[in-house]
Amino acid sequence: MKKIFISMIVLFMAVTAHAELKIDVSGAQTEPTPIALPTFTGNTSKAADIGQKMTEVITADLENSGLFRIIDEDAYIQTMENSGTMPKFADWQAIKAHGLAHGDVHQDNDKLTVSFRLWDVYAMSQMDAKSLTTGTNSWRKMAHIIADAIYERMTGESGYFDSAIVFISETGSQKKRVKRLAVMDQDGANVRFLSDGKDTVLTPRFSPKMNKITYLSYKTGDPKVYIMDVDTGKSELVGNFKGMTFAPRFSPDGTKLVMSMAERGNTDIYLYDLENKTRTRLTNHPAIDTSPSFSPDGKQIAFNSDRSGKRQIYVMNVDGSDVKRISFGDGSYATPVWSPRGDYIAYTQIKSGLFHIGVMRTNGNGERLIANGWLIEAPTWAPNGRVLMFYRKSPSDSWGNNGRSKLYSIDITGHNERLIDTPKDASDPAWSPLLH
Amino acid sequence: MQIRAYIFSAVLHTVIIVFLLWDFSFSMKDYEKSNVPVIMIDLKKVQIGELTNLPPNVKKQTHQKQKKEAKVEPKKEPQKQKTTVKKTTPKAETKPEPAKPKEQPKPKESVKAVEPPKKQEKPVKKEEKQTPKADPKPTPKTEPVKEQPKKKKSDGLKSLLASVEDIKKNARPSTKVQDTQETGQEVQDGIEGGTEGSLMQPLTISEKDLIANKLRGCWNVDAGLNGIENMIVEVRAYVNKDGSIRDVKILNMRSDPAFRSVAESARRAIYICENIEDSPFKLLAEKRGDSYQGWKEIFVRFNPLDGGVY
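Residues numbered from 1 in each chain as written. Chains lettered and ligands numbered in written order. Predicted model: local features only at pLDDT ≥ 70, side-chain atom pairs only at ≥ 80, totals over all residues. Heavy atoms only, no water.

This part is about the overall build of chain B. Per the secondary structure count, chain B includes 8 helices and 5 strands. Ordered by position in the sequence, the α and β elements of chain B form the string α-α-α-β-β-α-α-α-β-β-α-α-β. The burial tally for chain B puts 29% of its 310 residues in the buried class. When the accessible surface of chain B is split by element, carbon and sulfur atoms take 57% of a total near 22200 Å². (Helix = DSSP H or I, 4+ residues; strand = E, 2+ residues; numbered from the N terminus. Buried < 20%, exposed > 50% of the residue type's maximum accessible area, 1.4 Å probe, protein only. Areas by Shrake-Rupley, 256 points an atom, 1.4 Å probe, with all protein chains shown as cover.)

With that out of the way, let us pick up the overall build of chain A. A tally of regular secondary structure across chain A gives 4 helices and 31 strands. Put simply, chain A has 436 residues, and 59% of those count as buried. Counted over contacts in chain A with a minimum sequence separation of 6, partners at least 24 positions apart contribute 42%. Carbon and sulfur atoms make up 50% of the accessible area of chain A, which amounts to about 17500 Å² in all. (Contact = heavy atoms within 4.5 Å.)

Attention shifts here to the sheet that holds strand β26 (residues 368-373) of chain A. Residues and elements named next belong to chain A. If you walk across this open sheet you meet the 4 strands as β23-β24-β25-β26, and the pairing is antiparallel. Since the sheet does not close on itself, it has two edges, and those belong to β23 (332-338) and β26, each with one partner. Ignoring strand direction, the axes of neighbouring strands in this sheet form an average angle of 25 degrees. Note that β23 and strand β24 (residues 344-351) share 5 bridges and pair antiparallel. Residue pairing in the sheet places A334 in a bridge with T348 of β24. (Pairing = 2+ DSSP bridges. Axes fitted to C-alpha atoms, helices over the stretch in contact; angles between N-to-C directions.)

Looking now at the environment of Y408(A). All names here are of chain A. Within the element layout of this structure, Y408 appears in strand β29 (residues 404-411). For Y408, a relative accessible area of 12% puts it in the buried group. Taking the C-alpha atoms as reference, Y408 lies 9.4 Å from P429; in sequence the two are 21 residues apart.

Our focus in this paragraph is helix α7 (residues 257-275) of chain B. Residue and element names in this part refer to chain B. For α7, which comprises 19 residues, the first-to-last C-alpha distance of 27 Å matches the rise-based estimate of 27 Å (1.5 Å per residue) to within 8%. α7 sits mainly inside the fold: 17 of its 19 residues count as buried. The N-cap of α7, judged by a side-chain oxygen 3.1 Å from the amide nitrogen of A258 a few residues on, is D256. (Expected span 1.5 Å × (residues − 1). Polar contact = N/O pair within 3.5 Å; in protein donor to acceptor, adjacent residues only side chain to side chain.)

Any empty space left between atoms is shown by rolling a water-sized probe over those atoms. All names here are of chain A. Under the definition given, this model contains 2 cavities of 30 Å³ or more. Lining the largest cavity are 17 residues, with N64, S65, Y160, V387 and S409 positioned closest to its centre. Put simply, the parts of the chain that give the lining of the largest cavity at least two residues each are α2 (45-64), β28 (387-394), β29 and β30 (418-420). The greatest single-element share of the lining of the largest cavity, amounting to 3 residues, is contributed by β29. By residue class, the composition of the lining of the largest cavity is 7 nonpolar, 6 polar and 4 charged. Residue assignment places the lining of the largest cavity across two domains, with domain 1 (33-155) and domain 2 (164-431) each supplying three or more. (1 Å grid on protein atoms, 1.4 Å probe; cavity = no way out; pocket = protein on both sides within 12 Å on 5 of 7 lines; lining within 4 Å. Points joined across faces, edges and corners; volume = space filled by probe spheres on them. Nonpolar A, V, L, I, M, F, W, Y, C, P; charged D, E, K, R; others polar. Domains from an automatic or database assignment.)

Across soluble globular proteins, nonpolar side chains show a tendency to be buried alongside one another. Membership of the largest hydrophobic core comes to 117 residues, with the highest contact counts inside it found for I150(A), L215(B), I270(B) and F302(B). Setting aside anything within four residues of it in sequence, one finds I150(A) in contact with I35(A), I58(A), L62(A), A101(A), F116(A) and L118(A). A164(A), L181(A), V183(A) and F206(A) belong to the second-largest nonpolar core, a separate cluster that totals 15 residues. (Core = buried A, V, L, I, M, F, W, Y, C linked by side-chain atoms within 4.5 Å.)

What follows covers the side chain of R418(A). All names here are of chain A. Considering the arrangement of structural elements, one finds R418 in strand β30. No salt bridge is formed by the buried R418. Its closest oppositely charged neighbour is E63, at 6.4 Å. Within polar-contact distance, the side chain of R418 engages the side chain of N416 at 2.8 Å. (Lys, Arg positive; Asp, Glu negative; His and termini not counted. Salt bridge = Lys/Arg side-chain N within 4 Å of Asp/Glu carboxyl O.)

With that settled, the discussion passes to the confidence of the model for chain B. The predicted structure's coordinates, where accompanied by low pLDDT, should not be read in detail. All names here are of chain B. Taken as a whole, chain B shows an average pLDDT of 62; of its residues, 40% reach a score of 70 or greater. Put simply, helix α3 (residues 77-88) is where chain B has its lowest mean pLDDT, 37, and strand β3 (residues 233-239) is where it has its highest, 97. Residue range residues 43-122 is modelled with pLDDT below 50. Its contacts to residues more than four positions away, or to other chains, number 91 contacts. (pLDDT = per-residue confidence, 0-100.)

Moving on: the sheet that holds strand β16 (residues 256-263) of chain A. Residue and element names in this part refer to chain A. Read across the sheet, 4 strands follow the order β15-β16-β17-β18 without closing on themselves; strand pairing throughout is antiparallel. Only two strands of the sheet have a single partner each, and these edge strands are β15 (244-250) and β18 (278-281). Sheet twist, expressed as the average angle between the axes of neighbouring strands with direction ignored, equals 30 degrees. Both β16 and strand β17 (residues 266-273) contribute to a ladder of 8 bridges, which runs antiparallel. Bridging from a neighbouring strand, E263 pairs with N266 of β17.

The next point concerns unusual backbone geometry. Positive phi outside glycine occurs at M124(A), with the angle close to 55 degrees. Its place among the elements puts M124(A) in the loop between β6 (111-120) and β7 (125-135). One non-glycine residue, D278(B), lies in the positive phi region at around 55 degrees. Locating D278(B) in the fold gives a position in the loop between α7 and α8 (280-287).

Moving on to the packing of aromatic side chains. Residue and element names in this part refer to chain A. Under the criterion given, the structure shown has 14 aromatic pairs over all chains. With 5.7 Å between their ring centres and 85 degrees between their planes, Y151 and Y160 make a pair best called edge-to-face. By the burial criterion, Y151 is buried, and Y160 matches it. Pairwise contacts between aromatic rings join F68, Y151, Y160, F161 and W431 into one cluster. Geometry around F193 places R180 over its ring, the cationic atom sitting 4.1 Å from the centre. Above the ring of Y344, the side-chain terminus of R361 is found at 4.3 Å from the ring centroid. (Phe/Tyr/Trp six-rings, centres within 6.5 Å; stacked < 30°, edge-to-face > 60°. Lys NZ or Arg CZ within 6 Å of the ring centre and 35° of its normal.)

Structurally, a disulfide amounts to a covalent bond that connects the sulfur atoms of two cysteines. Residue and element names in this part refer to chain B. Inspection of every chain in the model, using the stated rule, returns 1 disulfide over all chains. One disulfide in the model links C218 with C273; its S-S distance is 2.1 Å. For the disulfide bridge between C218 and C273, the dihedral angle about the S-S bond is near 90 degrees, and by the sign convention the bridge is right-handed. You can see C218 sitting in helix α6 (residues 205-218) and its partner C273 sitting in helix α7, a full 55 residues away along the chain. For C273, a relative accessible area of 0% translates into the label buried. (Disulfide = S-S within 2.5 Å.)

So, on to α2(A). All names here are of chain A. For α2, spanning 20 residues, the distance from its first C-alpha to its last is 29 Å, which sits close to the expected 28 Å at 1.5 Å a residue. All buried positions along α2 are accounted for by A47, I50, G51, M54, T55, V57, I58, T59, D61, L62 and N64. In this structure, the buried residues of α2 make contact with β3 (41-42), β4 (68-70), β5 (99-108), β6, α4 (139-155) and β30. At the exit of α2 stands G66, carrying a positive phi of roughly 80 degrees.

All names here are of chain A. For E81, the location among the structural elements is in the loop between β4 and α3 (89-94). For E81, a relative accessible area of 53% gives the class exposed. Expressed as a C-alpha distance, the spacing of E81 and F40, which sit 41 residues apart in the sequence, is 8.8 Å.

In this section: the packing of α4(A) against α7(B). At a closest axis distance of 6 Å, the pairing of α4(A) and α7(B) adopts a crossing angle of 70 degrees. Considering the angle they form, α4(A) stands roughly perpendicular to α7(B). Taken together, the residues of α7(B) that come into contact with α4(A) (itself represented by R153(A), M154(A) and T155(A)) are A258(B), R260(B), S261(B), E264(B) and R268(B). Tallied by class, the residues present in the contact of α4(A) with α7(B) amount to 2 nonpolar, 2 polar and 4 charged. (Parallel < 35°, antiparallel > 145°, perpendicular 65-115°, else oblique.)

Below is the structure:
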C-alpha cells in the first residue's frame, strides 16, 4: 500500500516536472530574408577587385529572386577579414541579419580560388562552406554558383542563377524586323549572337545538355524546324518533310523532339527520334494541335488544341493515348509549358482583349493568372520551377504599332516582376537547365 | 475471536445505517425545498471574467461584488457595444497593388561576337568542411547592441496590448468606473496574486495568443516553397528564468531540404523573438516569474498557412 502511494506521488511529480507550455503559431511573414554579405576580400589587388565584382553579382542574383534582401554594408559592425574569420553573432543579430555569407578570393597567376561560408546568425551555426577553383575569366560564373549555394541552403530549393537564356533579339522597323538567335546569362549579362539575322528565326529551345538549340527558321521560305550545334554553330534541318514544321521542344532525355507538323491543311503533333531519324504521329484530329511540351519525367505531353471550338490545353501520354482536356476557362489558352519540378503548367490565356500568363496544376486545378499585358507570351520556366520568364510587347500607339518588346521574369506567386535588360528588343525566351 | 468479529460487524452496520438515515433526511429536505416557487435570475447581471482559470479567492471576491452591484440599475450596454463595433469597421477596402517591375542594372559585360554559350571554363568544385582559423567556439551570446530603432515592433505590441485592453473594456459593463477598476484589480490578482506559488497554473488564452502573435511576427517563410502547405514544424524552446533562450530543438526534422529550411526558420523565429523589444519570453519572466516551471519548456507548433501569410 505504502509502495503504491509513493509511486503515485513520484508519477505526479514526474508529470509536473515535464509540464510545458504549448503554443500554436498559425501563419507567418513573407518578407525577403535579410542577409549580410560583406564584400569578398582578396589576397592581391586584382583578387580584391574580382571579390568586389563577385559580391555585386551575388547581391543582384539574390535580390532579383525577391526572396532575399542584402543589408547595406554600412550597417555592418564586424569586419570580416577572410572566409576564416569567426563571426561575432551578436553584431550580426544587432543588424537583424538572418544569414551571413562571407568569403575571400585567392589569386595565383590565372587561377582563382574562392572560399565562402554561410552562417545561421541566430542559431549561431555554419550552414554551408565551399571552396571553388577556376580561371580568372570565370569569376562571374563562380559568383552565380555561390549565389545558388546560398539560395539552395536558405530556401531548400535548387538554385537557378547559373543558367542561360536563349532568345530572339529583334532590331529594325516593324515591317523590316531583323530577328537573330541570341544567348545570355539569366541576369542579362554576356549576350552572344548565334545567327546573323538573314533568316527570320523563332521559338528557340535548349537541349537538356545545352549543346544543341532547336528553333524554327524561314530559311527555305516555309517555316521549318532546325537544330543548331552550339559548339560549332552549324544548323541542320530536322527531317525532310513536305509540310511546315514548328513549335519544337526536346524530350527530357534529349533523344527526341516533339513538334507540330502541318500536312494537307491539318496540324498534328509528332515525335521525332533524333537517333533513328523517324517520326511518330501522336495526335490525329482535324483540329489544330500544337505547342507540345514534355512533362519532366518524359511520360506525358501537354499541348493546345481547338478541337472543342476554342483553343484549350490538353494532356496526353507520350504515345498519344489518354488525351484529357485540363483547361475550361474563358477565352482561349495557348503555349502550355510543363514546370521542371512537375507541379505546374504555365500557359498564355487570351481573354477580354488582353493576354495573360497563368499557371495551373497539371490536372487543371488551381488556375491562377500572374501577369498580363497587351501582348504577353511565351512563358518559360527557370530550372528550379520557381520563376517564369516571358516577353511583353507594349505598342507605342493605340493601333498596336511599333513599341518595344522586352523580357520579364516573375515569381510563380505573382510577385516580383522584373525587367531583364537586353541590349536590343527581345522575345521568345527559353531558359536553360542549371549549368553546374 | 468470532464474537469480536460479530461485534465489529454490528458496529460497522450501525454506522452505515446511521449515515444512510442522515443522508436520506437531507434528501427529503431538499425535495421539499424544490417545491418552493422558482426565482428567475437575470443572466445579464452575471459577470463573466474574460480571463480563464481564475483562482477561487478571486471568484469569491467577484461573487461578493455582484451582490453589491445588484442594487444598481444596469444600463443598456449591448446596444452601446454594437455601436462601437460599427465604428471600428473599416470603411473602405484597400486593394493590393500589383508589384511594379523594377529595372535591373545594366549588365557591365559588353556584348561579344558570336560565341557558343558553353565556352566558359567549368570551375572545379570542391566541397569541404573547413574549420575556421579563428576561435572555433561560437562567441557567447550577448545582448545585441541596440543600434537600430525598434519603434515599429514595440508599436505593434503596444497596439496589440491596447486592443486587448479595449476588448476588456468593452466586455465589461461600464456603469461604474470604480467597479471596472476593481474588477481589473481582481484580474491582476488572478495573474499575479492568485497564481503566486502555483507551479501548474496555466497561462490564460489571451496570454497564449499574445505569445503566438509575437512568434508569428518573428517567423519569416517563403510562401511559394513547393509543398509548404504540408510543412508543420514542431520545436521545443528551453527558456531561462530571465526569459532568455537556452536552446531550441526541432522535434520533427525531415531530410527534405525544403522542410529543413522551414524548420530552421521556425527555430530562428524563437531566437529573433528573444531579441526583440517586448520579447514574449521576457514578458513571461516579468509577469509569470513565479510559475517558471510552467513555461521553462515551450512546445511551439508552427503552421505556415493555417492562419494565412502576411
